[in-house]
Amino acid sequence: MKKSERLNQMLRFINQKQQFTLRDLMEQFQISKRTAIRDIAALEELGAPIYAEYGRYGGYRLLTQIQLPPISFTNQEIYALYFAMQSLKSFSTIPFQISFQSIHNKFLHELSENQRKEIERMQNRIAFHHIKQIKDSEHLDTLLMAAVKNIVLQITYLTTSKKSTRIIHPIAIYTMKGYWYCQAYDMNKKAYRVFRCDRITSAEATTIQPDEKLIDITFENAHSLWKPSKTAIHFKCLMTNQAGIERFKQEHYPSMKLLYEREGTFLVGSYEANETSFIMTYLAGFGKSIKIIEPVKLKEDLRQYYLDLIEHL
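Trainee: For the overall build of the chain, give the residues involved together with the corresponding values.
Mentor: Secondary structure summary: the chain contains 10 helices and 12 strands in total. The C-alpha radius of gyration computed for the chain amounts to 27 Å, which surpasses the reference 20 Å derived for 313 residues by more than 25%, pointing to a less compact arrangement than a globule. The dimensions of the chain, computed from C-alpha atoms along their principal axes, are 80 × 50 × 50 Å. Relative to its 313 residues, the chain shows a buried fraction of 39%. In the chain, once contacts between residues fewer than 6 apart in sequence are set aside, the share between residues at least 24 apart is 58%. Of the roughly 20200 Å² that the chain leaves accessible, carbon and sulfur atoms contribute 52%. Treating the 42 positive side-chain charges of the chain as one cloud and the 33 negative ones as another, the clouds have centres 2 Å apart.

What follows is the structure, given as C-alpha cells:
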C-alpha cells in the first residue's frame with residue numbers, strides 16, 4: 001500500500017476510534033513500530049489534532065473529529081468493485097428492489113473516460129456465468145430487515161399442495177440455484193426451517209417477542225438449530241471418488257454432513273418420510289460417485305428411481 005493511501009485510511013481509522021495505540025496501528029496496517037511513529041508525525045503535519053498520553057496505559061487521543069476527505073479508489077479497486085457488481089445481473093429482484101442497471105449506470109457515470117474504456121476492454125476478456133433468477137420474490141427487504149432487527153413475522157406460505165400461515169423469526173436470506181431462501185425459526189413448530197422466498201405471498205410484522213436464544217444466530221451458525229424428528233430416516237453413503245466430495249461441498253443441506261473414517265469418506269444424514277422424492281433426486285445427482293451403505297430400503301428406492309427414469313426414455 002502506498003504511503004498516501006495508508007495515511008488516508010489511517011485518518012479514517014483513528015477518527016472512528018478516537019483513542020489508539022501504536023500497537024493498534026501496527027496490527028491494523030501491518031507496519032513496524034518505526035513506520036507507525038513516522039505516520040503519526042505525518043498525520044500531525046497534515047493537521048490531525050493528535051495528543052500523546054504518556055505512562056503505562058498511554059497512547060494517543062484525537063482531540064476533535066477530523067473533516068475527512070472524500071473516499072477515493074485505486075484503479076484496481078474500481079475494477080474489482082465493477083466486476084463484483086456483475087453478480088447482480090442474474091437477479092430480477094434483490095433486497096430493497098434495487099436494479100442492477102441503476103447501480104451500473106451510476107457507477108460508470110462517476111468513472112473517468114480512461115477507466116470506462118479500460119472496463120469496456122475487460123468486458124470482452126472476462127465472463128460471468130450465473131444461474132438466472134427463476135422466480136421473483138416480493139418480500140426480500142421485509143425478510144432481511146426482520147432478520148437484522150429481530151422482528152417476528154406472520155407470513156403466508158404457498159407450497160405445491162396448500163397455503164398456510166406461519167409465524168417465523170427470520171435469521172438470514174441467501175440465494176442458491178436461481179432461488180432466494182430464508183433461514184428462519186418456525187415459532188409454531190418450534191423448529192428451524194428454510195423457506196423459499198418466492199413462495200411467501202405476504203409478510204407482516206407482529207408484536208411477538210423473539211426468543212432471546214435466536215438473537216445472536218446468524219447465517220453461519222443457523223444450521224445448528226436444525227434437529228431431525230423422531231421418525232427421521234438415517235442414511236450413510238460411501239463417497240467413491242473426489243468428484244463426489246466436491247459436489248457435496250457445492251450443494252448440501254443441514255440434515256447431512258461428511259464423515260471421515262479409516263475406511264473412507266462417508267455422506268451421512270437423515271431425511272423425513274415425506275422427503276423421499278427429494279433425497280432420491282439429490283443422491284442421483286452424484287452418479288457413480290456415491291454408494292449407499294444403509295438403509296437397504298434407500299438403495300432399493302434409488303434403484304426403482306433409475307428404472308422409472310429408463311421407462312421414460
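Trainee: How would you summarise the sheet that holds strand β3 (residues 59-62) if you had to cite specific residues and measurements?
Mentor: Read from one edge of the open sheet, three strands run β1-β3-β2, paired in antiparallel fashion. Two strands close off the open sheet at either side, each with one partner strand: β1 (19-20) and β2 (50-53). Judged from the four bridges that link them, β2 and β3 form a sheet pairing that is antiparallel. Looking across to β3, one finds that glutamate 53 is bridged to glycine 59.

Trainee: Please set out the environment of serine 161 residue by residue, giving values where relevant.
Mentor: If you trace the backbone, serine 161 turns up in the loop between β4 (153-158) and β5 (163-176). Along the sequence, serine 161 and glycine 59 sit 102 residues apart, while their C-alpha atoms lie 65 Å from each other.

Trainee: Can you break down helix α4 (residues 75-85) residue by residue, with the values?
Mentor: Of the residues making up α4, those classed as buried are Ile78, Tyr79, Tyr82, Phe83 and Met85. Here the buried residues of α4 occupy an arc of 150 degrees about the axis, which is enough to place them on one side.

Trainee: Quick rundown of the packing of α4 against helix α6 (residues 113-123)? Include the residues and the values.
Mentor: One can describe the packing of α4 onto α6 by two numbers: an axis separation of 11 Å at closest approach and a directional angle of 50 degrees. What the angle tells us is that α4 and α6 run oblique. Of the two elements, α4 crosses α6, and the hand of that crossing is right-handed. When α4 is examined against α6, the residues Asn75, Ile78, Tyr79, Tyr82 and Phe83 are found in contact with a partner set consisting of Gln115, Glu118, Ile119, Met122 and Gln123. Looking at the contact of α4 with α6 residue by residue, the classes come out as six nonpolar, three polar and one charged.

Trainee: Quick rundown of the sheet that holds strand β11 (residues 264-271)? Include the residues and the values.
Mentor: Across a sheet, paired strands are connected by hydrogen bonds in the backbone, their directions being either parallel or antiparallel. Read from one edge of the open sheet, four strands run β10-β11-β9-β12, paired in antiparallel fashion. Two strands lie at the open edges of the sheet, namely β10 (256-261) and β12 (290-294), each paired on one side alone. Here the average twist between neighbouring strands, direction ignored, is 30 degrees. Pairing between β10 and β11: six bridges, direction antiparallel. When the bridges of β11 are listed, methionine 256 appears paired with glycine 269.

What counts, and at which threshold
- Residues numbered from 1 in each chain as written.
- Predicted model: local features only at pLDDT ≥ 70, side-chain atom pairs only at ≥ 80, totals over all residues.
- Heavy atoms only, no water.
- Helix = DSSP H or I, 4+ residues; strand = E, 2+ residues; numbered from the N terminus.
- Rg over C-alpha atoms; globule rule 2.2 N^0.38 Å.
- Buried < 20%, exposed > 50% of the residue type's maximum accessible area, 1.4 Å probe, protein only.
- Contact = heavy atoms within 4.5 Å.
- Areas by Shrake-Rupley, 256 points an atom, 1.4 Å probe, with all protein chains shown as cover.
- Lys, Arg positive; Asp, Glu negative; His and termini not counted.
- Charge placed at Lys NZ, Arg CZ, Asp CG, Glu CD.
- Pairing = 2+ DSSP bridges.
- Arc of directions from axis to C-beta.
- Axes fitted to C-alpha atoms, helices over the stretch in contact; angles between N-to-C directions.
- Parallel < 35°, antiparallel > 145°, perpendicular 65-115°, else oblique.
- Left-handed = near helix turned anticlockwise from the far one by under 90°.
- Nonpolar A, V, L, I, M, F, W, Y, C, P; charged D, E, K, R; others polar.

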